[in-house]
Amino acid sequence: MTVRELTAACGFEILCGGGEREVAGGVYCCDLLSIVMGRAPADCAWVTVMGNLNSIAVAVMADCACIVLAEGMPLDADARDRAGREGVAVLATRLPVFQAASALAKALGI
C-alpha cells in the first residue's frame, strides 16, 4: 500500500511529500531518535510526536516510508523544507500515538 493510499484509509493528512512510496515495513512507534535510527525497519510508517529537523534526518537514515505526526503535533518550517528536499512524506493526525499506530496496522492488514 502506498503512503497516499494509507493516508486515505486512515483519514490522515499529508503535510508534505509525494506519497507514492510503498509502506512495506510495518508500523514503528518511538520518540527516542537514537533508537529509531537503529531499530526502525526500512519502508515503515514511523509514528512519533517529533516534528523537527532531526526527525527528518532520522527518517532518511532509517529509510522510513513516511513519518506520521500524532497528537496534532506540528511540523516546523525547517523540517518541512528538509522533508521536501529529501523526499520524506510527513503525515498528520490528531490521534494519540497508539490509536494512530492501530489505524495504520489495521489498514496494512497486520
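Residues numbered from 1 in each chain as written. Predicted model: local features only at pLDDT ≥ 70, side-chain atom pairs only at ≥ 80, totals over all residues. Heavy atoms only, no water.

A. Examining the overall build of the chain more closely. A tally of regular secondary structure across the chain gives 5 helices and 5 strands. Each helix and strand of the chain, placed in order from N terminus to C terminus, yields the pattern α-β-β-α-β-α-β-α-β-α. Radius of gyration (C-alpha) of the chain: 12 Å, near the 13 Å computed for a compact globule of 110 residues. In terms of overall dimensions, the chain has C-alpha extents of about 30 × 25 × 25 Å along its principal axes. Counting over 110 residues, the chain shows a buried share of 43%. Across the chain, every contact between residues at least 6 apart in sequence was considered, and the portion connecting residues at least 24 apart equals 47%. With an accessible surface of roughly 5,300 Å², the chain has 54% of that area assigned to carbon and sulfur atoms. Taking the 8 positively charged and 12 negatively charged side chains of the chain as two groups, their mean positions are separated by 2 Å. (Helix = DSSP H or I, 4+ residues; strand = E, 2+ residues; numbered from the N terminus. Rg over C-alpha atoms; globule rule 2.2 N^0.38 Å. Buried < 20%, exposed > 50% of the residue type's maximum accessible area, 1.4 Å probe, protein only. Contact = heavy atoms within 4.5 Å. Areas by Shrake-Rupley, 256 points an atom, 1.4 Å probe, with all protein chains shown as cover. Lys, Arg positive; Asp, Glu negative; His and termini not counted. Charge placed at Lys NZ, Arg CZ, Asp CG, Glu CD.)

B. Broad picture of the pairing of strand E3 (residues 45–48). Here E3 shows no split at all, with Ala 45 and Val 47 on one side and Trp 46 and Thr 48 on the other all buried. Relative to E3, strand E2 (residues 27–29) runs parallel, the two being bridged by 3 bridges. Each bridged residue has a counterpart across the sheet, and for Tyr 28 the counterpart in E3 is Trp 46. Crossover E2 to E3 through helix H2 (residues 33–39) is right-handed. Pairing of E3 with strand E4 (residues 66–69) involves 4 bridges; the strand directions are parallel. Each bridged residue has a counterpart across the sheet, and for Trp 46 the counterpart in E4 is Ile 67. The parallel pair E3 and E4, bridged by helix H3 (residues 53–62), forms a crossover whose chirality is right-handed. (Pairing = 2+ DSSP bridges. Right-handed = clockwise from strand over helix to strand, strands pointing away.)

C. How the structure looks around the sheet that holds strand E1 (residues 13–16). A sheet is described by the order of its strands in space; here 5 strands give the open sequence E1-E5-E4-E3-E2, paired in mixed fashion. Sheet topology places E1 and E2 at the edges, where each strand pairs with a single neighbour. Across this sheet, the average inter-strand angle for adjacent strands is 30 degrees, counted without regard to direction. Relative to E2, helix H5 (residues 97–108) is tilted by about 170 degrees, and along the sheet it contacts E2, E3 and E4. (Axes fitted to C-alpha atoms, helices over the stretch in contact; angles between N-to-C directions.)

D. Fine view of the pattern of salt bridges. Under the criterion given, the structure shown has 3 salt bridges. The partner of Glu 20 in a salt bridge is Arg 4, and the shortest N-O contact between them spans 3.0 Å. Placement of the pair is Glu 20 in the loop between E1 and E2 and Arg 4 in helix H1 (residues 3–10), with a sequence separation of 16 residues. Judged by relative accessible area, Glu 20 falls into the exposed class, the value being 55%. Among the ionic pairs, Asp 63 bridges to Arg 21, the shortest N-O distance being 2.8 Å. With Asp 63 in the loop between H3 and E4 and Arg 21 in the loop between E1 and E2, the pair connects residues that are 42 residues apart, well separated along the chain. The partly exposed category is assigned to Asp 63, whose relative accessible area is 35%. Overall, Arg 21 belongs to the partly exposed group, its relative accessible area being 30%. When salt bridges with common partners are traced through the structure, they connect Arg 21, Asp 43 and Asp 63 into a single cluster. (Salt bridge = Lys/Arg side-chain N within 4 Å of Asp/Glu carboxyl O.)

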